[in-house]
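These are the residues of each chain, in order.
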Amino acid sequence: MKVSIGADHGGFELKEKVISHLIDQGIDVTDQGTYGTDSVDFPDYSKKVTENVQNKISDLGILICGTGIGMSIAANKQKGIRAALVGDVFSAKATRKHNNSNVLCLGARVTGEGLALMIVDTWLNAEFEGGRHENRIAKIEEL
Ligand code: RB5
């Protein structure tokens, strides 16, 4: 599995922890930055990660900012991107099963490291159920 990941300054530290966690599991990670804590604009990093998903360079994307809200708003502007801001394990599983989300957004100032890593694992390991959800996703694409 190939995962592209990006963050702004608010999400940088959690991004580094998520990257180590994914590499430990043998997951192929593309780090799209930012690479430090200097202030940057989150849409620049959302664009890099969502383009990797759109172009199928990566299977899935992970975006982290302070709240995860800005990243999710920006990511969902991109065609074919279904970005889910997740702060609990139930939603992490449900959004893969029902929404076939292809980008996970996390809020580093909201969600602690332990829970964030559990959310990442749950999201990556859940699978889209298809069926009745296909039609709903098609309707999203038509919007
Ligand atoms: C940056 O200060 C902060 O606004 C950003 O990380 C994010 O929370 C935006 O939604």
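This one's a predicted model, so the numbers in the text were calculated from it and none came from an experiment.

**Description of the site of the ligand**
So, step 1. As a structural note, the neighbourhood of the ligand is formed by Asp8, His9, Phe42, Cys65, Gly66, Thr67, Gly70 and Arg109.
So, step 2. Within the backbone of Gly70, one N or O atom sits 2.9 Å away from an oxygen atom of the ligand.
So, step 3. In the model, an oxygen atom of the ligand is placed 3.4 Å from a nitrogen or oxygen of the Arg109 side chain.
So, step 4. Bound to the protein, the ligand loses 71% of the 290 Å² it would expose on its own.
So, step 5. Split by residue class, the shell around the ligand holds two nonpolar, four polar and two charged.

**Considering helix α4 (residues 89–97)**
So, step 1. Among the residues making up α4, those that are buried are Ala92, Thr95 and Arg96. Looking straight down α4, one finds its buried side chains confined to an arc of 100°; they lie on one side.
So, step 2. Buried-residue contacts for α4 involve β3 (60–65), β4 (83–85) and α5 (113–125).
So, step 3. Between the side-chain oxygen at the start of α4 and the backbone nitrogen of Phe90 there is a gap of 3.1 Å, and the oxygen is on Asp88.

**Describing the packing of aromatic side chains**
Describing an aromatic ring pair means giving the distance of the ring centres and the angle of the ring planes.
So, step 1. Inspection of every chain in the model, using the stated rule, returns zero aromatic pairs.
So, step 2. Positioned above the aromatic ring of Trp123 is the side chain of Arg96, whose terminal nitrogen or guanidinium carbon lies 5.7 Å from the ring centre.

**A look at the layout of surface pockets**
The gaps left among the atoms become clear once a water-sized probe is rolled over them.
So, step 1. Put simply, the largest pocket is a space of about 210 Å³.
So, step 2. Considering the residues around the largest pocket, the lining is formed by 14 residues, among which Asn76, Ile81, Arg82, Ile140 and Glu141 are closest to the centre.
So, step 3. When contributions to the lining of the largest pocket are tallied by element, the ones reaching two or more residues are β4 and α6 (132–142).

**Concerning the sheet that holds strand β5 (residues 103–107)**
So, step 1. The sheet built from five strands is open, its strands ordered β2-β1-β3-β5-β4 with parallel pairing. In this open sheet, the two edge strands, each paired with only one partner strand, are β2 (28–31) and β4. Each adjacent strand pair in this sheet contributes to an overall mean axis angle of 20°, direction not counted.
So, step 2. Relative to β2, strand β1 (residues 2–7) runs parallel, the two being bridged by four bridges. The partner of Lys2 across the bridge, within β2, is Asp28.

The rules behind the values
Residues numbered from 1 in each chain as written. Predicted model: local features only at pLDDT ≥ 70, side-chain atom pairs only at ≥ 80, totals over all residues. Heavy atoms only, no water. Near = heavy atom within 4 Å. Polar contact = N/O pair within 3.5 Å; in protein donor to acceptor, adjacent residues only side chain to side chain. Areas by Shrake-Rupley, 256 points an atom, 1.4 Å probe, with all protein chains shown as cover. Nonpolar A, V, L, I, M, F, W, Y, C, P; charged D, E, K, R; others polar. Buried < 20%, exposed > 50% of the residue type's maximum accessible area, 1.4 Å probe, protein only. Helix = DSSP H or I, 4+ residues; strand = E, 2+ residues; numbered from the N terminus. Arc of directions from axis to C-beta. Contact = heavy atoms within 4.5 Å. Phe/Tyr/Trp six-rings, centres within 6.5 Å; stacked < 30°, edge-to-face > 60°. Lys NZ or Arg CZ within 6 Å of the ring centre and 35° of its normal. 1 Å grid on protein atoms, 1.4 Å probe; cavity = no way out; pocket = protein on both sides within 12 Å on 5 of 7 lines; lining within 4 Å. Points joined across faces, edges and corners; volume = space filled by probe spheres on them. Pairing = 2+ DSSP bridges. Axes fitted to C-alpha atoms, helices over the stretch in contact; angles between N-to-C directions.

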